Amino acid sequence: MTGATTDGRVQKGNETRRLVLGRAVAIASVEGLGGLSLGRLATELELSKSGVFALFGSKEELQLATVRAAQRIYWDAVLEPVQALPAGVGKLWVLAERWLEYSRTRVFPGGCFFYAVGAEFDAQPGRVRDALAEASRSWYGLVLEYLAAAQEVGQLQPDADLEQLAFELISYLELANGLSLLHGDDRPYQRARRSVLLLLRSEAVDESLLPAA
């Protein structure tokens, strides 16, 4: 009985944690991580404040857990679907399309979670900023890795500046996200899609590997 009781409490705690973090990522994508509080989440979800506090312990721990939860959602929406694709410019194109769709369909209510909270913490030293900086480096590093792989299989020009390509590609995506949110307009996604396609075609060894511009 003791084991069954313990297992039940652990399961309930895990369910409560998922519930709280689901609401936390939605709030943070719109209002920022600073808009989170244990009391607010408990009230909104009609949970015990002491129970929520016991799960996270502090606002900073809640913020860090929210960043990790957002990373899992981001992985499922953007990154996981392209993992099995063969290396090449086509994989980069699908990755960009997945990212634009992730932002356009508001997987997070406030668009890209990391775009929203990165600006909030970019000048605030601490563990939360460190976690966000690491997430940013990982995303940039993954794009760079895919570009290098495309070059290795002979689909990108051998003299292509991969760092510059990664910077420009990510910039197009993030600008579309920001403008769409600000103006309530989907057209920036169309512009970003065309810009990314032209960028990849300009450096591809064979333009036919990509859709027509």
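Small disclaimer: the values here were computed from a predicted structure and weren't measured.

(A) Here's a closer look at the overall build of the chain. When helices and strands are counted, the chain shows 9 helices and 0 strands. Along the chain direction, N to C, the helices and strands of the chain fall in the order α-α-α-α-α-α-α-α-α. Its C-alpha atoms put the chain at 65 × 40 × 30 Å along the principal axes. Here the chain, with 213 residues, has 38% of them falling under the buried criterion. In the chain, 63% of the contacts between residues at least 6 apart in sequence involve partners at least 24 apart. Carbon and sulfur atoms form 53% of the exposed surface of the chain, whose accessible area is close to 11300 Å². Of the side chains in the chain, 22 bear a positive and 27 a negative charge, and the two mean positions are spaced by 8 Å.

(B) A look at the side chain of Lys91. Secondary-structure assignment places Lys91 in helix α5 (residues 89-104). Of the side chains bearing the opposite charge, Glu145 lies closest to the buried Lys91, which forms no salt bridge; the N-O distance is 6.6 Å. For Lys91, the contacting residues outside a window of four places in its chain are Val82, Gln83, Leu85, Pro86 and Tyr146.

(C) Just the packing of aromatic side chains, in detail. Counted by the stated rule, this structure contains 7 aromatic pairs. On the numbers, 5.6 Å between centres and 80 degrees between planes, the contact of Tyr74 with Phe114 is edge-to-face. In this pair, Tyr74 sits in helix α4 (residues 59-79) while Phe114 sits in helix α6 (residues 113-121), placing the two residues 40 residues apart along the sequence. When sorted by exposure, Tyr74 lands in the same class as Phe114, which is buried.

(D) Representation of α5 in the model. With 16 residues, α5 should reach 22 Å at 1.5 Å per residue; the first-to-last C-alpha distance of 22 Å fits that figure. Taken together, the buried positions of α5 are Val89, Lys91, Leu92, Trp93, Leu95, Ala96, Trp99, Leu100, Tyr102 and Ser103. The elements touched by buried residues of α5 are α4, α6, α7 (127-152), α8 (162-183) and α9 (187-203). One or two steps after α5, the chain reaches Arg106, where phi turns positive at roughly 55 degrees.

(E) Region of interest: the layout of surface pockets. Approximately 630 Å³ is the volume found for the largest pocket. Lining the largest pocket are 25 residues, and of these Phe114, Leu132, Ala135, Ser136 and Trp139 lie nearest its centre. Elements with a contribution of two residues or more to the lining of the largest pocket: α4, α6, α7 and α8. Classifying every residue of the lining of the largest pocket by side-chain character gives 17 nonpolar, 5 polar and 3 charged.

Reading guide: rules and limits
- Residues numbered from 1 in each chain as written.
- Predicted model: local features only at pLDDT ≥ 70, side-chain atom pairs only at ≥ 80, totals over all residues.
- Heavy atoms only, no water.
- Helix = DSSP H or I, 4+ residues; strand = E, 2+ residues; numbered from the N terminus.
- Buried < 20%, exposed > 50% of the residue type's maximum accessible area, 1.4 Å probe, protein only.
- Contact = heavy atoms within 4.5 Å.
- Areas by Shrake-Rupley, 256 points an atom, 1.4 Å probe, with all protein chains shown as cover.
- Lys, Arg positive; Asp, Glu negative; His and termini not counted.
- Charge placed at Lys NZ, Arg CZ, Asp CG, Glu CD.
- Salt bridge = Lys/Arg side-chain N within 4 Å of Asp/Glu carboxyl O.
- Phe/Tyr/Trp six-rings, centres within 6.5 Å; stacked < 30°, edge-to-face > 60°.
- Expected span 1.5 Å × (residues − 1).
- 1 Å grid on protein atoms, 1.4 Å probe; cavity = no way out; pocket = protein on both sides within 12 Å on 5 of 7 lines; lining within 4 Å.
- Points joined across faces, edges and corners; volume = space filled by probe spheres on them.
- Nonpolar A, V, L, I, M, F, W, Y, C, P; charged D, E, K, R; others polar.

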